[in-house]
Amino acid sequence: MMLRTAARRRTAATVAAVCTLAVALTACSGTTKDSAAKDSGNAGGAATAKADPDAPLKKGLKLAFLPKQVNNPYEKIVDEAGIAAAEEYGGTGKEVGPSDAGASSQVSYINTLVQQRQDAILIAANDPNAVCGPLRQAMAKGIKVVAYDSDTAKDCRQLFINQAGSEEIGRGLVRNLGKQLNHRGKIAILSATQNATNQNTWISFMKEELKLPEYRDMKLVKVAYGDDDDQKSFQQTQGLLQAYPDLKGIISPTTVGIAAAARYLSDSAYRGKVVLNGLGTPNQMRTYVKDGTVAQFSLWNPEELGYLGSYAAAALASGQITGAEGERFTAGRLGEYTVGKDGEVILGKPTVFDKNNIDTFDF
Ligand code: RAM
């Protein structure tokens with residue numbers, strides 16, 4: 001409460017100071033996007049707040065998780081783990097969100113969470129820009145904003161909890177598929193939505209990797225979008241194979257996409273002929289690994305992502321950190337983490353799953 005009041009006072013002071021100097025009175029009628037960014041304590045505004053690394057985690061913090069969509073099994077695992085973590089440190093958490101991963105589907109939820117005066121909003125952004133304005137307004141009101149899984153623009157949140165290095169994920173998937181295909185043949189990508197920050201970042205690194213000489217005989221023919229919708233992803237896979245019957249490989253960097261693509265392939269003449277790799281959960285992919293449709297895929301531990309995000313939000317809301325590079329905080333049983341450049345905190349390295357290790361994982 002103290003923090004929020006202080007933040008409100010700073011907002012008022014900043015606006016007043018600007019208004020005495022500014023000629024353009026239109027800029028002085030309320031909290032503008034710019035003033036929100038300055039006061040938000042984010043990467044750009046972190047300097048205005050001071051971190052107290054010894055501050056204890058506050059009790060009774062209220063956290064809200066806003067996933068890409070509520071019916072995505074992966075996001076569910078992340079959010080439930082984050083909510084359980086909040087209970088560990090005496091806070092409460094909840095999950096709210098849209099049933100589709102459309103670009104602006106999260107905006108009304110953010111506005112409601114701001115009205116409810118949550119202490120922190122954790123968001124897996126469906127679009128980097130659509131959610132930016134409302135998130136800045138949340139920060140201007142003293143609410144901490146943590147992006148996880150899929151980032152928004154860096155001025156629109158204090159932290160981004162990334163599951164693994166984006167470059168490592170993108171390049172790694174191409175390297176893995178390249179080895180499976182002996183670096184030859186046409187390949188396609190089956191992604192989530194066209195605006196998803198995480199998938200688009202990974203795809204840009206995939207394209208970079210494909211420029212290297214060892215991939216000269218591997219050609220990316222199409223990036224298709226299944227919108228993280230099971231049926232659409234299934235149909236897009238079918239469409240890819242109709243359009244490119246000589247397709248040799250598919251990378252699906254989404255748990256929804258890879259599961260739908262595997263289901264399509266497992267029942268088709270392409271099973272065992274088209275190599276499918278990407279990001280999936282062991283529980284959704286087990287059948288397809290056992291029946292020979294998929295030899296290998298990757299992911300990180302989504303429970304740990306939610307757990308880390310929850311502790312990071314609590315550290316922000318308790319004043320232990322502000323989101324500035326180099327700050328450290330302890331994420332419960334996961335240990336100590338350091339805030340990197342642009343407020344990014346990286347969970348760890350992805351794990352590669354295959355028939356030899358899949359049964360040792362249960363998520
Ligand atoms: C889907 C979502 C999510 C992504 C995972 C790998 O569940 O698109 O954002 O991180 O796949």
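Our structure is the block above this text.
Peer 1: Is there a simple way to think about the pattern of salt bridges in this case?
Peer 2: Should their charged atoms come close, side chains of opposite charge can pair. Overall, the coordinates contain 17 salt bridges when judged by the stated rule. Here Asp-246 and Lys-186 are joined by a salt bridge, their closest N and O atoms 3.0 Å apart. You can see Asp-246 sitting in the loop between α8 (230–243) and β8 (247–252) and its partner Lys-186 sitting in strand β6 (residues 185–191), a full 60 residues away along the chain. Using a relative accessible area of 30% as the deciding quantity, one classes Lys-186 as partly exposed. Of the charged contacts in the structure, one is a salt bridge between Asp-230 and Arg-263, with a shortest N-O distance of 2.8 Å. On the criterion of sequence distance, the pair formed by Asp-230 in helix α8 and Arg-263 in helix α9 (residues 255–266) is long-range, its members being 33 residues apart. Its relative accessible area of 31% is what places Asp-230 among the partly exposed residues. Residues joined by salt bridges that share partners form a network here, namely Glu-167, Arg-171, Arg-175 and Glu-209.

Peer 1: Could you clarify how one ought to interpret the side chain of Ser-233 in this entry?
Peer 2: Along the chain, Ser-233 turns up in helix α8. On the basis of relative accessibility, which here comes to 0%, the residue Ser-233 falls in the buried class. Among all residues touching Ser-233, those that are not within four sequence positions of it are Leu-190, Gly-226, Asp-228, Val-256, Gly-257 and Ala-260.

Peer 1: Even after reading the chapter, I still don't get the sheet that holds β8, so can you show me in this structure?
Peer 2: Strands pair in a sheet through their backbones, by hydrogen bonds, and they do so in one of two ways: parallel or antiparallel. An order of β7-β6-β8-β9 is seen for the four strands of this open sheet, with the pairing classed as parallel. A single partner strand is all that each edge strand has here, and the edge strands are β7 (218–225) and β9 (275–278). Here the strands of the sheet are splayed against their neighbours by 25° on average, with no regard to which way each runs. Examined bridge by bridge, β6 and β8 share four bridges and lie parallel to one another. Bridge pairing in β8 links Ile-187 to Gly-249. Against the sheet, α8 contacts β6, β7 and β8, and its axis sits at roughly 145° relative to β7.

What counts and what doesn't
Residues numbered from 1 in each chain as written. Predicted model: local features only at pLDDT ≥ 70, side-chain atom pairs only at ≥ 80, totals over all residues. Heavy atoms only, no water. Salt bridge = Lys/Arg side-chain N within 4 Å of Asp/Glu carboxyl O. Helix = DSSP H or I, 4+ residues; strand = E, 2+ residues; numbered from the N terminus. Buried < 20%, exposed > 50% of the residue type's maximum accessible area, 1.4 Å probe, protein only. Contact = heavy atoms within 4.5 Å. Pairing = 2+ DSSP bridges. Axes fitted to C-alpha atoms, helices over the stretch in contact; angles between N-to-C directions.

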